[in-house]
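# Coordinate inspection notes
Below are the chains, spelled out letter by letter.
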There are 2 protein chains.
Amino acid sequence: MMNRKILIVFFLGWAHISPAQSLTDVQSADEPLMLQSVGSFYLGGEKQSQSISELGGFSSKGQVTINQMYVNYMVPYRRTDSISFVLIHGMNLSGKTWETTPDGRMGWSEYFVRKGYPVYWVDQVGAGRSGFNQKHYNLVREEQVAAKNQPAFQRISDENTWINFRFGLEDQQPVQEAKYPIGAVDEFSKQSVPFALFGLPDPNPNYLNLAELAAELQQTVLVSHSQSGRFPIEAALLNPEGVKAMVLLEPGGSGDDYSDQQVSALATIPLLVVFGDNLENETGIAGHSWKTYYDAWGRFVQRLDAAGGKAQLLYLPDLGIRGNSHMLMQDTNNQQIADIILDWIKDNK
Amino acid sequence: MMNRKILIVFFLGWAHISPAQSLTDVQSADEPLMLQSVGSFYLGGEKQSQSISELGGFSSKGQVTINQMYVNYMVPYRRTDSISFVLIHGMNLSGKTWETTPDGRMGWSEYFVRKGYPVYWVDQVGAGRSGFNQKHYNLVREEQVAAKNQPAFQRISDENTWINFRFGLEDQQPVQEAKYPIGAVDEFSKQSVPFALFGLPDPNPNYLNLAELAAELQQTVLVSHSQSGRFPIEAALLNPEGVKAMVLLEPGGSGDDYSDQQVSALATIPLLVVFGDNLENETGIAGHSWKTYYDAWGRFVQRLDAAGGKAQLLYLPDLGIRGNSHMLMQDTNNQQIADIILDWIKDNK
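Residues numbered from 1 in each chain as written. Chains lettered and ligands numbered in written order. Predicted model: local features only at pLDDT ≥ 70, side-chain atom pairs only at ≥ 80, totals over all residues. Heavy atoms only, no water.

Moving on, we get to the environment of K244 of chain B. Residues and elements named next belong to chain B. Topologically, K244 is positioned in strand β10 (residues 243-249). When the C-alpha positions of K244 and L222 are compared, they lie 8.0 Å apart, and in sequence the two are 22 residues distant. Each residue touching K244, except ones within four places of it in the same chain, is listed here: I83, Q219, T220, I269, P270 and K349. (Helix = DSSP H or I, 4+ residues; strand = E, 2+ residues; numbered from the N terminus. Contact = heavy atoms within 4.5 Å.)

Encoded structure:
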């Protein structure tokens, strides 16, 4: 598909403003996008009464909502079938993960819609437009809670990202046949936002919110990434109604802690795990090894298979596809990866 | 325009999940939406080196980006003319403000596109997907900064919202001819997210980001709301290039501090200020009085007029339109209000 620039004029005469590479590079497809609907909603959440201190001092005391989840959606004018996709981002990121790539190409939120599937993409509770419970921080400010008990906001440095997301095996040194758009790594840096994971209640409220979303949509493929790897499984264990399949993109952690009974219950739902390239070469950082996670989820796939499930662990180099990063959905061959997933769903649903 | 439900099945058999009023109420128009493009980008921002403590302990030290602004956009397949709209939300909220209303009707982000205008809607730096500088909070956790110096996260309680946003003049008591969708006030509560206003540098980086966006888009109408009231003015003072008009919806604060020289410079740009109903009756809360702000911006309009500008202060009851709240863009007559603004722009651009 040919692309052309949409945006009109880049004002060059104003040198003290940094150039907006991101805006002027934004591309659009030749074919218009025909939507049945586009928009957003929140779901889940509960009320909590808070004091003036907890609210930050501006408002009078009263109720707020916590643990709600923000959901973007686009529904195509013509649907392929009854399947919908729900896309769940990873740590430090937001629903932006799935939108226009850092170098201005089409993201999966649009690509899946152009393939005829409704797409719902969320901000995790604790990130972006879902927000977080600010009282944990304001009570420290008011010296009602000890500073050391304040949950840390997680953020990943660009240098860490380079290696941990396998743009390179060393900082600023792209991997061979790198598929991440290396010229746009500084744009990707802007997508990193503070992550309030450690201020969330246990169990993580995202599980229940995703279970609810799938049960309402029906015929849902839950797609997770990295830190959200196990979210589709947790949602399906809460309520399998509506979960048609699960796709785990470069999931972190492992599924070793699920019981045989849980694995049996999950085996009715097809599951695909996808990893990019360079797992053998990764240097590892901050205690993280994607090779370790790959091996762990391989064990989980084997347990699902043994329980009669349809499960597959896909390492892209085994298909001859080289150089993919941790951010598969933003790599330059992101449409190729999407097509592989769509084909797998068609064959295994 | 007739509306119909898009969403398929609401799973009723699962009682311990709260009903997702927001999802099942989501409506879509009969006519498909034809887009040239849809997506998002970031603009602005600068690099900052941070320690492991500042990053929250998970990542190795290194650079992150701060003060960048997240921008959603939709560009219609057929444009009315060369004008674009930029929509800027108020305190405690995010770009969600302009999307699907809490009771599932079409928001302005879609309505303006259906009228043939490209729409760009942002998250303020300090909110939602733009994020904030988490180091101010993590350094307190590490006891490197005193807790009392930690910036407060602002949040407004539902009870405060009822009165301050003039859904009612008292909590739970809707105003006469209320235009806010009163049954969806609990859904609106979910849109309230922590606001990191007091952790931002001075001047507010949103001004420069908006100036850059307008300069790149050209022929831009900057639309602000409430706490962001003066943002279009600040952006235009930084760079008037590309600012075609300014619309201030229920702006807070005042313009009294702008110099005569600044007012002269601004008088070349048409400006419309719009307020809802019940300014005479408001009870005021937390030191805020929209009547006071209305009077202040009336003075500013007079100064612009005296300097040869095209400026208007519009109080909707003067057009016979009653019951509008502070959230004009979500009120049940939000399309009527949008049409008034679009007509004003056509007449005064």
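Following the structure, the description resumes.
Often, the extent of an interface is quoted as the loss of accessible area upon association of its parts. Each partner contributes to the interface: chain B provides 108 residues, whereas chain A provides 108 residues. Summed over both sides, the interface between chain B and chain A buries roughly 9100 Å², with carbon and sulfur atoms accounting for 54% of that surface. Taken as a group, F58, R129 and R155 of chain B account for 10% of the area that chain B buries against chain A, more than any other trio of residues on that side. Applying the counting criterion to the chain B and chain A interface returns 8 salt bridges. Here the residues of the side of chain B that touches chain A are counted per class, giving 50 nonpolar, 37 polar and 21 charged. Sheet topology note: the strand β3 (residues 33-50) of chain A/strand β3 (residues 33-50) of chain B ladder contains 3 bridges and is antiparallel. For L35 of chain A, the partnering residue across the bridge sits in β3 of chain B and is L33 of chain B. (Buried area = accessible area lost by both parts, 1.4 Å probe. Salt bridge = Lys/Arg side-chain N within 4 Å of Asp/Glu carboxyl O. Nonpolar A, V, L, I, M, F, W, Y, C, P; charged D, E, K, R; others polar. Pairing = 2+ DSSP bridges.)

This next bit is on unusual backbone geometry. Residues and elements named next belong to chain A. In this model, D202 is joined to P203 through a cis peptide bond whose omega is 5°. Summarising the element assignment, P203 is placed in the loop between α6 (185-189) and α7 (205-217). Unusually for a residue other than glycine, N67 sits at a positive phi of about 70°. Even without being a glycine, E143 presents a positive backbone phi close to 60°. Inspection of the secondary structure puts E143 in the loop between α4 (135-141) and α5 (158-164).

Attention shifts here to the layout of surface pockets. Taken as a whole, the largest pocket encloses approximately 680 Å³ of empty space. For the lining of the largest pocket, the residue count by class is 14 nonpolar, 26 polar and 6 charged. (1 Å grid on protein atoms, 1.4 Å probe; cavity = no way out; pocket = protein on both sides within 12 Å on 5 of 7 lines; lining within 4 Å. Points joined across faces, edges and corners; volume = space filled by probe spheres on them.)

To continue, consider helix α7 (residues 205-217) of chain B. For an α-helix the count is 3.6 residues per turn, leaving residues at separations of three or four pointing the same way. Residues and elements named next belong to chain B. A rise of 1.5 Å per residue sets the reference length of α7, with its 13 residues, at 18 Å; its end C-alpha atoms lie 19 Å apart and thus fit the reference within 8%. Across the 13 residues of α7, 12 count as buried, placing the element largely inside the fold. Three or more residues of α7 are buried, namely P205, N206, Y207, N209, L210, A211, E212, L213, A214, A215, E216 and L217. Directly after α7, the chain includes Q218, whose backbone phi takes a positive value near 65°. (Expected span 1.5 Å × (residues − 1). Buried < 20%, exposed > 50% of the residue type's maximum accessible area, 1.4 Å probe, protein only.)

As far as function goes, none of this settles anything; it's purely spatial.
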